[in-house]
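Report on the structure
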Amino acid sequence: MGAVDVRQDQAGAHPTGRGSTTIVPGVAAPDVAAADVAVPEIDVLEPEEALLLLRADPEMFAAHTGRPLLAVRAHGPLAVEVGELARWLPCVLVGVAPDLADLPPGIESAGYDVLLTGEATPPAPWVGPLRPGDGFTAALGAIAAMTRAVPGACVAFTQLVRYSAGIDVRDAVIAESFTYSTLQGGPEFAAWLAGHRAARERREAGAATAPVRAEPIGQPTEPAVLVERDGDELWVVLNRPRVHNAVSRDLRDGLATAFALAGADPTVAEVRLRGAGRSFCSGGDLTEFGSLPDPARAHAVRTTRSIPLSLLRCARRVTAYMHGTCVGAGVEVPAFARRVIADPATTLRLPELAMGLVPGAGGTSSVVRRVGRERAAFLSLTGWPLDAATAANWGLVDEVRPVRGDARPPV
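Some words on the overall build of the protein
Looking only at helices and strands, the protein has 13 helices and 16 strands in total. For the protein, with 411 residues in total, the buried portion stands at 53%. Within the protein, contacts between residues at least 6 apart in sequence are counted, and of these 70% link residues at least 24 apart. With the model as given, the accessible surface of the protein reaches about 17,500 Å², and the carbon-plus-sulfur share is 55%.

A word on the confidence of the model for the protein
Here the protein shows a mean pLDDT of 88. Residues at 70 or above account for 86%. Residue range residues 3-39 is modelled with pLDDT below 50. Its contacts to residues more than four positions away, or to other chains, number 90 contacts. In this model, residues 212-219 is a region of pLDDT below 50 whose contacts with residues beyond four sequence positions or in other chains number four contacts.

Remarks on the environment of Arg404
For Arg404, the location among the structural elements is in the segment after β16 (399-400). Distance in space between the C-alpha atoms of Arg404 and Gly324 is 8.6 Å, their sequence separation being 80 residues. Excluding its chain neighbours within four sequence positions, the residues that come into contact with Arg404 are Arg274 and His323. In this structure the side chain of Arg404 is engaged in a polar contact, spanning 2.9 Å, whose partner is the side chain of Asp406.

Side note on the pairing of strand β4 (residues 42-45)
When β4 meets strand β5 (residues 69-73), the two strands line up parallel, connected through two bridges. Across the sheet, the residue bridging to Leu45 is Val72, located in β5.

A short note on the side chain of Glu352
For Glu352, the position within the fold is in the loop between β14 (347-349) and α11 (363-371). The buried charged residue Glu352 lacks any salt bridge partner; its closest oppositely charged side chain belongs to Arg349, at an N-O distance of 8.2 Å.

Some words on helix α1 (residues 47-56)
Turning to α1, its buried residues number three or more, namely Pro47, Ala50, Leu51 and Leu54. Take α1 and look down its axis: the buried residues cluster within an arc of 100 degrees, on one side only. Exposed side of α1, more than 90 degrees from the buried face: Leu52 and Ala56 are the residues found there. Buried-residue contacts for α1 involve β4, β5 and α2 (77-86).

Things to note about the packing of α1 against α2
The N-to-C vectors of α1 and α2 enclose an angle of 30 degrees; their axes lie 8 Å apart at closest approach. Here α1 is positioned roughly parallel relative to α2, judged by the angle of their axes. As α1 runs across α2, the sense of the crossing is left-handed. Counted together, Pro47, Glu48, Ala50, Leu51, Leu54 and Arg55 of α1 and Leu78, Ala79, Glu81, Val82, Leu85 and Ala86 of α2 form the full contact between these two elements.

Some details on the environment of Leu85
Looking at the secondary structure, you find Leu85 in helix α2. By relative accessible area, which is 35% here, Leu85 ends up partly exposed. When the C-alpha atoms of Leu85 and Leu51 are compared, they prove to be 8.6 Å apart, with 34 residues separating the residues in sequence. Not counting residues up to four positions away in its chain, the partners in contact with Leu85 are Leu51 and Leu54.

Things to note about the packing of aromatic side chains
Geometry of an aromatic ring pair is reported as the spacing of the ring centres plus the angle between the planes. Tallied over the full model, the rule gives four aromatic pairs. Ring geometry for Trp235 against Tyr321: centres 6.0 Å apart, planes inclined by 15 degrees, an arrangement best described as stacked. Here Tyr321 lies in strand β11 (residues 318-322) and Trp235 lies in strand β9 (residues 233-238), a separation of 86 residues in the sequence. For the pair shown, Trp235 and Tyr321 are each scored as buried. Plain terms: the ring middles of Phe378 and Trp384 are 5.8 Å apart, the flat faces sit at 85 degrees to each other, and that makes the pair edge-to-face. Take Phe378: its relative accessible area is 0%, and that puts it in the buried class.

Conventions we followed
- Sequence order as written defines the numbering, with residues in each chain counted from 1.
- Totals for whole chains, interfaces and linings use all residues, but because this is a predicted model, local features are given only for residues with pLDDT of at least 70 and pairs of side-chain atoms are given and counted only at 80 or more.
- To get the side-chain values, all heavy atoms of the structure are used, and hydrogens and water are removed first.
- Helix and strand definitions follow DSSP, with helices as H or I runs of at least four residues and strands as E runs of at least two, each counted in order from the N terminus.
- Accessibility here uses a 1.4 Å probe with only protein chains present; expressed as a share of the type maximum, an area under 20% marks a residue as buried, one over 50% as exposed, and anything in between as partly exposed.
- Contacts are assigned to residue pairs that have any heavy atoms within 4.5 Å of one another.
- Each accessible area is a Shrake-Rupley result for a 1.4 Å probe, and residues are judged covered by the shown protein chains and nothing else.
- Confidence scores labelled pLDDT are given residue by residue by the predictor and lie between 0 and 100.
- Here a polar contact means two N or O atoms within 3.5 Å. Within protein one must be a hydrogen donor candidate and the other an acceptor candidate, and residues neighboring in sequence count only if both atoms are side-chain atoms.
- Two strands pair under a simple rule: DSSP has to find at least two bridges between them.
- Counting rule applied: Lys, Arg positive; Asp, Glu negative; His and chain ends not counted.
- We count a salt bridge whenever a side-chain nitrogen from Lys or Arg sits within 4 Å of a carboxyl oxygen from Asp or Glu.
- Summarising the geometry, the arc corresponds to the directions from the helix axis toward the C-beta atoms.
- The axes used here are C-alpha line fits, helices contributing only the stretch in contact, and every angle between their N-to-C directions lies in the interval 0 to 180 degrees.
- Small angles under 35 degrees read as roughly parallel and large ones over 145 as roughly antiparallel, with 65 to 115 read as roughly perpendicular and the rest as oblique.
- Crossing handedness is read from the near helix: turned anticlockwise from the far helix by less than a right angle, it gives a left-handed crossing, and turned clockwise, a right-handed one.
- Side-chain rings of Phe, Tyr and Trp (the six-membered ring for Trp) are treated as a pair once their centres are within 6.5 Å; stacked means planes under 30 degrees apart, edge-to-face means over 60, and tilted covers the remaining angles.

Printed below as a string of structure tokens:
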């Protein structure tokens, strides 16, 4: 297929000539802008060429060599052989097929981390364009940008989901925590954290000169999680609406306690999980990132006061109601539930890789089991938002209907 020239252009995606496309990479996360990421030319290799390179030097494609991404045209039996060989290597492996008319048998199970096509609404595990007018080059450019910016996190993520997809769901949660903690001690997260803290200090310095507004009466003393018994139903409500229900220590502990309570009480027939305010959950509370003394302690805490491990005790009785902007844990936690209902305007996003981390609230276990390893990898490796309709088509959401944050949804 040859080289695909992927350059940043804030105007959007449009052709610039034969064999090249200009795109917006779309790797934005908190304090990480797509415009900050330099995207190199991407070679989409023919399978024969990929095999020659891999046999000559199996370590050519790896995070530490500066070539963390291997993109291969998914045609012919040799493409299957590439997948079976490269699936064990420390790189992100992407298969590309402009259309699905003549695929080799076994390509979908060969071991590719992501399978991209130009066809709209393709069957799983393929991912097609999410926006009208996009081809596979837009997604490939976003993946290239992410692997260029945080190669260690990207490779660790793909290695993790290759493994965790085939083991017990609880073991997968533990494996995710090990990986997350390892990356917490690495340079990519350290760089993101330093930038985030500097940006926060600038915001706080600016706020110091602005008029101070009084806090709403009673807000600081309200619990982060409300637990309400209604007959044989237990309603669990994320209750930090002013910060879009960001997951703080208090909210984490409140959810873990509520799910443990439901798991231990057989008289609770249904657990209904929702969020107060404009969003179900905006992910981890960034003000608490990096606050534990070391990665080993972080792993110990994460697996002791674990939201996903507690939820799994009662998951078959849980219905989650999503609305607004759902980020990180706001996607990963509901995915464990037996049933997920989302408002039509809901957006879902997994931004952790751009921070030098992997999903840390069970997403490499829960999302993988709902949409498959390849589509879960696509969400993390691009950082792109997913709308409710596409989430329902993929199986990440079971039903789309109105959900509000100021009242219980109808059951």
